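# Commentary on secondary and tertiary structure
Letter by letter, the chains look like this.
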2 protein chains.
Amino acid sequence: MSFVVTPQSMQFAGPLGLRSGASISNYSLAFETYGELNADRSNAVLVCHALNASHHVAGVYAGQEKSDGWWDNMIGPGKPVDTDRFFVIGINNLGSCFGSTGPMHLNPETGRAYGADFPVVTVEDWVNAQAGLLDALGIRTLAAVMGGSLGGMQALSWTLQYPERVRHAVVIASAPSLTAQNIAFNEVARRAIVTDPDFHGGHFYEHSVIPQRGLRIARMIGHITYQSDDVMNEKFGRALRHAVEGTSGRQDFLYSTQEVEFQIESYLRYNGDKFSEYFDANTYLLITRALDYFDPAQAHGGDLRAALAKVTAKFLIVSFSTDWRFSPARSREIVKGLLDNRRNVSYAEIDAPHGHDAFLLDDVRYMSLVRSYFDRIAASEVTP
Amino acid sequence: MSFVVTPQSMQFAGPLGLRSGASISNYSLAFETYGELNADRSNAVLVCHALNASHHVAGVYAGQEKSDGWWDNMIGPGKPVDTDRFFVIGINNLGSCFGSTGPMHLNPETGRAYGADFPVVTVEDWVNAQAGLLDALGIRTLAAVMGGSLGGMQALSWTLQYPERVRHAVVIASAPSLTAQNIAFNEVARRAIVTDPDFHGGHFYEHSVIPQRGLRIARMIGHITYQSDDVMNEKFGRALRHAVEGTSGRQDFLYSTQEVEFQIESYLRYNGDKFSEYFDANTYLLITRALDYFDPAQAHGGDLRAALAKVTAKFLIVSFSTDWRFSPARSREIVKGLLDNRRNVSYAEIDAPHGHDAFLLDDVRYMSLVRSYFDRIAASEVTP
């Protein structure tokens, strides 16, 4: 049982200018904090979330079973990011469906839910909104900003947008941009959602339906890309769901194209169903698009080294050997870009079997690594 | 311009017993032949097709532009599989939508199209049907059976089901079974089709609609897995479809979640649209299920060596370094199973950038390899 936390919310008048040229006013950001801000405000750590996550990073909600935060194994009293020493902030991004202003909320301009009219937000926009929350909390400088996957992109973007406000960036299982294949998977998921008749051009709320078919497909694709081929084989292999006795006494198939035949099918369907019941379709479109767009090298003709010239933070970059969604090679691109600028960067490629999902899982070497990095920050840069 | 061919069809009274226990009667098989069968009938080569292909392996149809067979670069006069020396047979599998009896045809038992009631067919069933066609053509023994991907599975299965009828098997970019990840991708594609409201439980023909949404998604997923990450990056990278001038004079985004933004999205949508106009949804379900089911080691407790003990054919096995759908490691499993049985096997792993699709593409080393293998067969085992 972890510690009990209470989510908070802060209202902003705005307008917050967005990268697209649009802006958003009167928005709120959901967040949580763990630990205590010290007197000189030098111990704040901001945690940025990935696609399917929120401000609920650590702890549990009172009276709610299985309500552990998504990085509860990483963050808390005595954990690698030790909340006895750090003041950790989890924040929910704009456009999410978990508390901050998003497509399900009322668009003050139309009097109906934003739906597909919610402005397209980027990693850079999220970072600007996060900076606004830090301002409101009276935090000028972060001891560290950290995140995995899309969260790692936000951490990296912080060091470019607000170099003077970040002392350390911890970028895990991330990439400096998506590859064509990454974008392709996102696009298939989006098409599945958008072409679901229940999507209604993104204004399905008014029709009291959800594009569940599309969301299920999107999640199933996601799940495949989060795991390594090896770990899927180990967990599911070719095991059958409902083994029936064949005439020869051995396991035989059902011989059906629509029934669940293999365990892996059952697993995917279960996860697709569950996801489609709680995740908002418009949020899915927005977050995958933010992933597609992120590419700090773009403004420098594709030269990541040039893009990273303004960085002053120190970096810990971690990748996982079997992550084929954001492969170690992509992390090494960031490492190289930083080293070419003579920046301080520690890099570890963890030999883990779990694919992209590894960044959320317990792995002794991974956890020790993050622990010792934060120990070092606490010892050298944080006033006790 | 290639040579002109005419598709043929042969009717079978049946019944053909299927692995599921069901059977099919009064079916027809579409096929094509290239070259001449020699006097002692020793020069026949059977070509088995993969998911999205047919009996139209080589040549063109009279008066039809761009009607080249799917392996026209491999098979024809003077080509690696030289039809001046070999009598090559292309056959369309049962359940296909390209000519042989399939879900779109009339089910004699109900008087309406089979639709989703078409019996579930397996690789083994296809091979049995193919053997029936060879019987009808008066061909007892094949100089070679060959195929790529799912076609390679059929070639392998020939050597197990009819060891005495196959002298050589050429198994390209294939696997002894699908991995959990392979099955997972198939399952997502099937769910996209089956949950499309226009699928109507597989009897959409009667409703004069096609589950195009689902077929598009299925094809988009397929396309991603047929190509390597590298070749996608080289062909499309992060290039934008409609570059617009941003305020700073450089390319900027459209900032839309539904419009085509990147070239890769445009490519996927185009291929999804095209596919959904000509490929039958029920056929897609059947063929992906045949892939899922193939696993000759299953009846031997997962022991591929034991399964391959009955093989007498000689093998050429080819894999491609960047094929992540059917990786070289899967081909090496077959090689090992054959070597453990002291069978004659040649294996080549071609260093090609194109992923799984490489088996259909021109590559000098790949083509020379197949050419020299067939030259050797022609020189030593075929009566001129």
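The name given to chain A in an unreviewed UniProt entry is Homoserine O-succinyltransferase, with Variovorax ureilyticus as the source organism. According to UniProt, the comment filed for chain A under the heading Catalytic activity (unreviewed entry) is "L-homoserine + succinyl-CoA = O-succinyl-L-homoserine + CoA". Quoted verbatim from the Pathway (unreviewed entry) field of UniProt, the annotation for chain A is "Amino-acid biosynthesis; L-methionine biosynthesis via de novo pathway; O-succinyl-L-homoserine from L-homoserine: step 1/1."

Broken down by element type, chain A carries ten helices and 16 strands. Its C-alpha radius of gyration of 21 Å places chain A within 12% of the 21 Å reference for a compact globule of 384 residues. Dimensions of chain A, computed from the C-alpha atoms along their principal axes, are close to 75 × 50 × 50 Å. Within chain A, the fraction of its 384 residues that count as buried is 61%.

A few words now on the relation of the copies chain B and chain A. Its rotation angle being 180 degrees, the transformation that places chain B on chain A also includes 0.0 Å of axial translation and leaves an RMSD of 0.0 Å. With respect to symmetry, the two chain copies, as superposed, fit the operation of a two-fold axis. Looking at the interface residues of chain B, 100% of them are also at the interface in chain A, so both copies use one shared face.

Next up on the list: the sheet that holds strand β5 (residues 27–34) of chain A. Residues and elements named next belong to chain A. With mixed pairing, eight strands are arranged side by side in an open sheet as β2-β5-β10-β6-β11-β12-β15-β16. One side of each edge strand has no neighbouring strand; the edge strands of this open sheet are β2 (8–12) and β16 (345–350). Across the sheet, the axes of successive neighbouring strands diverge by a mean angle of 20 degrees, strand direction being ignored. Pairing analysis gives four bridges linking strand β11 (residues 144–148) to strand β12 (residues 168–172), with the strands arranged parallel. Bridge assignment links Met-146 to a residue of β12, and that residue is Val-170. Contacts from helix α1 (residues 123–136) reach β2, β5, β6 (44–48) and β10 (87–91) within the one sheet, and its direction differs from that of β2 by about 105 degrees. Set on the sheet, helix α10 (residues 364–381) makes contact with β6, β11, β12, β15 (314–320) and β16; between it and β15 the angle comes to about 175 degrees.

Right, let's get into the UniProt feature "site: Important for acyl-CoA specificity" (unreviewed entry) in chain A. Residues and elements named next belong to chain A. Under the UniProt annotation, "site: Important for acyl-CoA specificity" (unreviewed entry) lies at Arg-325. Tracing the sequence through the fold places Arg-325 in the loop between β15 and α9 (328–340). The class of Arg-325 is buried, set by a relative accessible area of 14%. Residues in contact with Arg-325, not counting those within four places in the same chain, are Asn-182, Asn-186, Gly-222, Thr-225, Tyr-226 and His-356.

Attention shifts here to the packing of helix α3 (residues 180–194) of chain A against helix α4 (residues 212–226) of chain B. Where α3(A) meets α4(B), the axes come as close as 10 Å, and the angle between the chain directions of the two elements is 170 degrees. Between α3(A) and α4(B), the angle falls in the class roughly antiparallel. Where α3(A) abuts α4(B), its residues A:Gln181, A:Ala184, A:Phe185, A:Glu187, A:Val188, A:Arg191 and A:Ala192 lie against B:Ile217, B:Met220, B:Ile221 and B:Ile224. Each residue belonging to the contact of α3(A) with α4(B) can be placed in one class, and the counts come to eight nonpolar, one polar and two charged.

This brings us to the packing of aromatic side chains. Enumeration according to the criterion identifies 52 aromatic pairs over all chains in this entry. Considering the side-chain rings of B:Trp158 and B:Tyr162, the 5.1 Å spacing of their centres and the 45 degrees angle between planes classify their relative orientation as tilted. Here the aromatic residues A:Phe98, A:Phe275, A:Tyr278, A:Phe279 and A:Tyr284 are joined through ring pairs into a cluster of three or more. Sitting over the face of the ring of A:Tyr162, A:Arg165 holds its NZ or CZ atom 5.8 Å from the ring centroid.

Within the structure shown, the criterion is met by four cavities of 30 Å³ or more. One number sums up the size of the largest cavity: a volume of about 140 Å³. Lining the largest cavity we find 16 residues, and of these B:Asn182, B:Phe185, B:Asn186, B:Thr225 and B:Arg325 sit closest to its centre. Classifying every residue of the lining of the largest cavity gives ten nonpolar, five polar and one charged. Considering the residues around the second largest cavity, the lining is formed by 14 residues, among which A:Ala192, A:Arg213, B:Ala192, B:Thr195 and B:Arg213 are closest to the centre. Among the elements of the structure, α4 (212–226) of chain A together with α4 of chain B are those that each provide at least two residues to the lining of the second largest cavity. By residue class, the composition of the lining of the second largest cavity is six nonpolar, four polar and four charged.

This part is about the nonpolar core. One finds A:Trp71, A:Met146, A:Tyr366, B:Trp71, B:Met146 and B:Tyr366 to be the most contacted residues of the largest nonpolar core, which totals 260 residues. If we ignore the near neighbours within four places in the chain, the residues touching B:Met146 are B:Val45, B:Leu46, B:Val47, B:Cys48, B:Trp71, B:Met74, B:Val81, B:Ala155, B:Val170, B:Ile172, B:Val370 and B:Phe374.

Residues and elements named next belong to chain A. Residue placement: Asp-196 occurs in the loop between α3 and α4. Classification of Asp-196 by relative accessible area gives buried; the value is 4%. Within the structure, the side chain of Asp-196 is placed 2.8 Å from the backbone nitrogen of Asp-198, a separation counted as a polar contact.

All names here are of chain B. Taken together, the eight strands give an open sheet; going across it, the order is β2-β5-β10-β6-β11-β12-β15-β16, and neighbouring strands pair in mixed fashion. Each edge of the sheet is formed by a strand with only one pairing partner; in this case those strands are β2 (8–12) and β16 (345–350). The mean angle between the axes of side-by-side strands here comes to 20 degrees, regardless of whether they run parallel or antiparallel. Across the sheet, helix α1 (residues 123–137) lies against β2, β5 (27–34), β6 (44–48) and β10 (87–91), angled at about 105 degrees from β2, the strand it touches most.

With that settled, consider the side chain of B:Ser331. Here B:Ser331 is to be found in helix α9 (residues 328–340). Residues within four places of B:Ser331 in sequence aside, it is in contact with B:Ser174, B:Ile317, B:Val318, B:Ser319 and B:Tyr347.

A separate point is the pattern of salt bridges. Should the charged atoms of two oppositely charged side chains come close, the side chains can pair. Under the defined criterion, the tally for this structure stands at 42 salt bridges over all chains. Among the ionic pairs, B:Arg238 bridges to A:Asp295, the shortest N-O distance being 3.1 Å. One end of the pair, B:Arg238, is in the loop between α5 (229–235) and β13 (244–245); the other, A:Asp295, is in the loop between α7 (281–293) and α8 (304–307), on a second chain. By relative accessible area, which is 15% here, A:Asp295 ends up buried. Beyond isolated ion pairs, a larger network of salt bridges with shared partners links A:Glu187, A:Arg190, A:Arg289, A:Asp292, B:Glu265 and B:Arg269.

Moving on, we get to the interface of chain B and chain A. A common measure of how large an interface is: the accessible area buried when the components associate. On the chain A side, the residues contacting the 61 residues of chain B number 61 residues. Carbon and sulfur atoms supply 62% of the area buried between chain B and chain A, which totals about 5300 Å² over both sides. Taken as a group, B:Arg238, B:Tyr255 and B:Thr257 account for 14% of the area that chain B buries against chain A, more than any other trio of residues on that side. The tally of links from chain B across to chain A stands at eight salt bridges. Across the chain B-chain A interface, the total number found is 30 residue pairs in polar contact (both at pLDDT 80 or more). Put simply, the parts of the chain that give the side of chain B that touches chain A at least two residues each are α3 (180–194), α4, α5, α6 (263–278) and α7 (281–293) of chain B. Top contributing element to the side of chain B that touches chain A by residue count: α3(B), with eleven residues. Here the side of chain B that touches chain A is built from residues that sort into 31 nonpolar, 15 polar and 15 charged.

Before going further, it helps to spend a moment on the packing of α3(B) against α7(B). Residue and element names in this part refer to chain B. α7 packs onto α3 with a crossing angle of 160 degrees between their chain directions and a minimal axis gap of 10 Å. It follows from the interaxial angle that α3 and α7 lie roughly antiparallel. Handedness of the crossing formed by α3 with α7: left-handed. For the pair α3 and α7, the contacting residues are Ile-183, Asn-186, Ala-189, Arg-190, Ile-193 and Val-194 in the first and Ala-281, Tyr-284, Leu-285, Thr-288, Arg-289, Leu-291 and Asp-292 in the second. Tallied by class, residues from the contact of α3 with α7 come to eight nonpolar, two polar and three charged.

What counts, and where the lines are drawn
- Residues numbered from 1 in each chain as written.
- Chains lettered and ligands numbered in written order.
- Predicted model: local features only at pLDDT ≥ 70, side-chain atom pairs only at ≥ 80, totals over all residues.
- Heavy atoms only, no water.
- UniProt positions renumbered as here; feature names shortened; annotations may be inferred.
- Helix = DSSP H or I, 4+ residues; strand = E, 2+ residues; numbered from the N terminus.
- Rg over C-alpha atoms; globule rule 2.2 N^0.38 Å.
- Buried < 20%, exposed > 50% of the residue type's maximum accessible area, 1.4 Å probe, protein only.
- Least-squares fit on C-alpha atoms with pLDDT ≥ 70 in both.
- Contact = heavy atoms within 4.5 Å.
- Pairing = 2+ DSSP bridges.
- Axes fitted to C-alpha atoms, helices over the stretch in contact; angles between N-to-C directions.
- Parallel < 35°, antiparallel > 145°, perpendicular 65-115°, else oblique.
- Nonpolar A, V, L, I, M, F, W, Y, C, P; charged D, E, K, R; others polar.
- Phe/Tyr/Trp six-rings, centres within 6.5 Å; stacked < 30°, edge-to-face > 60°.
- Lys NZ or Arg CZ within 6 Å of the ring centre and 35° of its normal.
- 1 Å grid on protein atoms, 1.4 Å probe; cavity = no way out; pocket = protein on both sides within 12 Å on 5 of 7 lines; lining within 4 Å.
- Points joined across faces, edges and corners; volume = space filled by probe spheres on them.
- Core = buried A, V, L, I, M, F, W, Y, C linked by side-chain atoms within 4.5 Å.
- Polar contact = N/O pair within 3.5 Å; in protein donor to acceptor, adjacent residues only side chain to side chain.
- Salt bridge = Lys/Arg side-chain N within 4 Å of Asp/Glu carboxyl O.
- Buried area = accessible area lost by both parts, 1.4 Å probe.
- Left-handed = near helix turned anticlockwise from the far one by under 90°.

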